[in-house]
Amino acid sequence: MPLYHNDDQAMLADSARQFMAEEGKIAKQLRHWRDRDCPDGFGHALWEQFGEMGFTGILVREEDGGLGMGHVEAGIVLEEIGRNLSPSPFLTSSVLAATALGHGSNDLRGRYLPGLIEGKSVFAVAIDEGAKHRPERIKMRAEKSGNGFKLSGQKDFVIHGASSDMIVVAARTSGGDDDEDGITLFAVPKDAANMSHDSVRLVDSSMATHTKFNGVELDGDAVIGEVDGGREVLNAMLKAGRVGAAAEGVGVASGAMDMTVEYLKQRKQFGKLIGEFQSLQHRASHLYSEVEIARASVIKAQQLLDGDSEKADLMASVAKAKVSQTAGLAVREGVQMHGGIGMTDEYDIGLYMKRDRALSEFLGDAYYHSGRVAEMSGY
Amino acid sequence: MPDLDTFRQETRAWLEANCPAEMREPVRDEGDIYWGGRRATFKNDAQKVWFEACLAKGYTVPAWPKEYGGAGLGPAEAKVLRQEMNRINARPPLSSFGIWMLGPALLHFGTEEQKKHFLGEIARGEIRWCQGYSEPGSGSDLVSLQTFGEDQGDHWVVNGQKVWTSYADRADWIFCLVRTDKENKYQGITFMLFDMESEGCSTKPIKLISGNSPFCETFMDNVKVPKSYGDGLPAQVGEVGRGWDVAKYLLGHEREMISGADGGNTGTIGAAMKRHAGELDPVLRAELAMFDVDALAYGAMGEKFLDEIKVGKGHPAQPNMMKYAGTELNKRRHELMMSAGGSRSLEWESEETGGGKPSRNWLRTKANSIEGGTSEVMLNVISKRILDLPGS
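Counting starts from 1 at the beginning of each chain's written sequence and moves along it residue by residue. For this description, chains carry letters from A and ligands carry numbers from 1, given in the order in which they are written. Selection of residues for local features in this predicted model requires a pLDDT of at least 70, selection of side-chain atom pairs for listing and counting requires 80 or more, and totals for whole chains, interfaces and linings are taken over all residues. Side-chain measures here rest on the full set of heavy atoms in the structure, leaving out hydrogens and waters.

Caption draft 1: Summary view of the nonpolar core. Core analysis: the largest hydrophobic core is formed by 133 residues, its most contacted members being Phe50, Phe55, Phe90, Val168, Ile224 and Met237 of chain A. Working definition: helices are DSSP H or I runs of at least four residues, strands are E runs of at least two. Numbering for both runs from the N terminus. With 17 residues, the single largest contributor to this core is helix α7 (residues 230-264) of chain A. Should any heavy atoms of two residues lie within 4.5 Å, those residues are considered in contact. If we skip the residues at most four places from it in the chain, Ile224 of chain A touches Ala100, Leu101, His103, Gly104, Leu108, Val168, Leu185, Phe186, Ala187 and Val233 of chain A. Among buried residues, those of type Ala, Val, Leu, Ile, Met, Phe, Trp, Tyr and Cys that are joined through side-chain atoms within 4.5 Å constitute a nonpolar core. Relative accessible area decides the class of each residue, using a 1.4 Å probe on protein chains only: under 20% of the type maximum gives buried, over 50% gives exposed, and in between gives partly exposed. In terms of nonpolar packing, the next biggest core, distinct from the first, is built from 37 residues, Tyr34, Ile99, Trp129 and Val246 of chain B among them.

If you want it as structure tokens, here you go:
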């Protein structure tokens, strides 16, 4: 498959770009909700519009009422989300949770997917325990209890945790903390007893929770996939989420770069447009080069994932690492080249810097994923 | 695509029958590359057999039209042939600047007679060409070149000096940028073809920091270049005075070639360095990991770039970006390989290192971001043509 969008994908990209530039733009969404101290960190109306556009069910199979499309298509939406910094639960709900639910029972899919497709339900995923992404180690316990399970422990930095109708939770049903096996995934409804959220606002105005499970009792039908065999579903979910986060990151990088290049063409100092200075031209051109390469790594990862290739896992980490590095460069160069106004809250470039920081951390930063690439390559 | 599948099967069978085992070994030294030309000799029978088999099939230049010595393969078929050759590590049957550089210029700008005559010679490996572009005073600012061809009616008398002419000492003919109008900077250059055996034309190898001498200085002292080699065979490609258009076209092609040379080959090094060194310093391991991420990402970019070229997508100045990123990456690759190799990689002559391969290759890569347009020039071009920055 050639590494560019086919005609249908190009059409989707056009409509996603137009839609997000209008409905998802910074003034209308990110600043609007941030300035109102919105406890969700995003607007539910936009999420419903995502539903009307069909974005919400993009990865959901057609027999479950979705569009049955792939990660290239999901990435198209994510890149526009990134470019406009549109706060939404798309990545956690329509990519991560939807991927997990794809492995779930008829009952679970029937219970949760219609609400997602309509843009009414919001889902989160609870994997991390601590400040760094480290899904190889899962301590949180789920013990057999009657016909079901009882969950005890804590999950950290659950994005949209308090706003979610359901949280996909990775817990240990057997084995030691670092074991590959013995993981089970649960769909935990928001009204589960003995679950409590401690909400924190992050630097990019998104909301996360430290979520405590003090003996949360669940029926056996809350299990997604196999008991003790959750690692496979977890890995599928992580691959999809990482490639999705990388696609969003390319949007953040492009948005920051375009804004900066525009600024170089407008701002005058020493009687010249600052874009005439070769020192800035070369830095902008280097950035362009990095963004192009990062975008290529993402579409490659998306296609491998859609083709169910065994190379997808490696390329997912390559894409996540490359995009984290590149978007980081884009926002740092962006703020520096904007000079003083780049430091002001009024100007948008700083918002890109904040979003990049949070997005890069989500599901593993460049250091984590570079290390994974080394391990998968055998060194 | 059943036709392509058939073609793949036929190609596979043909390669199996015609590519000798010795020609499936990695290239170890200069003698393993067959360059053709008047003074060419085959290193061994296998090299000869392989060259002749390809020649008969049009596979020395598979994508060129049949009437000019090629096999007339379309882009998809040419890709299949390349993939199948890569699969068995088949060496190229013939390498030359005629194939890579002059050929594309003639295909684009040449007269029908020029194509028949010169392309045929190139395809058959009869004439080895070199490129006369840079001069001592004209490197990045190539258009300032001073080598002058004085109009003497039916011929030019050429005087001047070229530098960085690759393998000029082994070449038969040169394609050379010569100023034919001193008043007209951009439209006063002619893209001339002439025989290196012409009186007054001489070469002198330049010894590089790697100890090797792939480049020469080339001197033209009253070299007489006839304006025509026969009916429909002018000595220049394109119009007289419009050689800069040809040069720019070829520079784009050269950048594409340099940047696409690794197309699909991602060139990761971490695993090989671990096997080589046994144990890696943790900080070096981290650097290798970050390098491999960049190499794999650049590999995807190379694939995307080639896919887009085939259908005319992508920015026309994108080869400049590929050249910039690819050459900078390659320099970094060799820096890391030197570090991972430790003192062993410092050996300059030893047999174990194949005569100092690690250090000589490392030094060679430093030219990557200079030849064919420096990284700084590439960044200038991106600024101007892609980002549309002012005053650039």
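Caption draft 2: The arrangement of the pairing of strand β2 (residues 141-145) of chain A in detail. Residue and element names in this part refer to chain A. Any two strands with at least two DSSP bridges between them are considered paired. With 5 bridges connecting them, β2 and strand β3 (residues 148-159) associate as antiparallel partners. The residue of β3 that forms the bridge with Glu143 is Lys150. Adjacent in sequence and paired antiparallel, β2 and β3 are bridged by 2 residues, among which Gly146 carries a positive phi angle near 60 degrees.

Caption draft 3: Region of the structure containing the packing of α7 of chain A against helix α9 (residues 312-338) of chain A. All names here are of chain A. α9 packs onto α7 with a crossing angle of 25 degrees between their chain directions and a minimal axis gap of 8 Å. The orientation of α7 with respect to α9, classified from their angle, is roughly parallel. Crossing handedness for the pair α7 and α9: left-handed. Of the residues assigned to the contact of α7 with α9, the class counts are 18 nonpolar, 4 polar and 5 charged. Every axis in this analysis is a line fitted to C-alpha atoms, fitted for helices over the stretch in contact. Angles between the N-to-C directions lie between 0 and 180 degrees. An angle counts as roughly parallel when it lies under 35 degrees, as roughly antiparallel when it exceeds 145, as roughly perpendicular when it falls between 65 and 115, and as oblique in every other case. Helix crossings are classified by the rotation of the near helix relative to the far one: an anticlockwise turn of less than a right angle makes the crossing left-handed, while a clockwise turn makes it right-handed. Lys, Arg, Asp and Glu make up the charged group, whereas Ala, Val, Leu, Ile, Met, Phe, Trp, Tyr, Cys and Pro make up the nonpolar group; the residues left over, Gly among them, are polar.

Caption draft 4: Examining the confidence of the model for chain B more closely. All names here are of chain B. Residue-level confidence of the predictor is summarised by pLDDT, bounded by 0 at the bottom and 100 at the top. The predicted model of chain B averages 92 in pLDDT, with 96% of residues at 70 or higher. No element of chain B has a lower mean pLDDT than helix α6 (residues 243-260), which averages 78, and none a higher one than strand β4 (residues 173-179), which averages 98. Predicted complex metrics record ipTM = 0.96 and pTM = 0.90.

Caption draft 5: Structural context of the domain arrangement of chain A. All names here are of chain A. Where each domain begins and ends is defined by an automated method or by a domain database. Assigned domains of chain A: these are domain 1 (7-122), domain 2 (125-228) and domain 3 (232-376). Throughout, buried area stands for the accessible area (probe radius 1.4 Å) lost by two parts on being put together, summed over both. Of the roughly 1,600 Å² buried between domain 1 and domain 2 on both sides combined, carbon and sulfur atoms contribute 59%. Within this document, salt bridges are pairs made up of a side-chain nitrogen of Lys or Arg and a carboxyl oxygen of Asp or Glu, the two lying within 4 Å of each other. If you look at where domain 1 meets domain 2, you find 1 salt bridge. Two N or O atoms count as a polar contact when they lie within 3.5 Å, although within protein this holds only if one can serve as hydrogen donor and the other as acceptor, and sequence-adjacent residues are included solely when both atoms are side-chain atoms. Taken together, domain 1 and domain 2 are joined by 5 residue pairs in polar contact (both at pLDDT 80 or more). Those elements that place two or more of their residues in the side of domain 1 that touches domain 2 are α2 (30-35), α5 (90-102) and α6 (106-118).

Caption draft 6: Quick peek at the domain arrangement of chain B. All names here are of chain B. Domains assigned within chain B are domain 1 (2-95), domain 2 (129-242) and domain 3 (260-386). For domain 2 and domain 3, the distance between their C-alpha centres works out to 31 Å. Taken together, the 6 residues of domain 2 in the interface contact 7 residues of domain 3. Taken together, the two surfaces of domain 2 and domain 3 that pack against each other cover about 530 Å², and 64% of this comes from carbon and sulfur. Seen at the junction of domain 2 and domain 3, the total is 0 salt bridges. The interface formed by domain 2 and domain 3 holds 1 residue pair in polar contact (both at pLDDT 80 or more) in total.

Caption draft 7: Highlighting the pattern of salt bridges. Residues and elements named next belong to chain A. If you walk through the whole model with that rule in mind, you get 56 salt bridges over all chains. For Glu80, the salt bridge is made with Arg83, and the minimal N-O distance between the two is 3.1 Å. You can see Glu80 and its partner Arg83 sitting in helix α4 (residues 71-84), 3 residues apart, about one turn around the helix. Looking at Arg83, the relative accessible area reads 14%, which means it is buried. Its salt-bridge partner being Glu361, residue Lys132 comes within 2.9 Å of it at the nearest N-O pair. Separated by 229 residues along the polypeptide, Lys132 in the loop between β1 (123-126) and β2 and Glu361 in helix α10 (residues 349-361) bring together distant segments of the chain.

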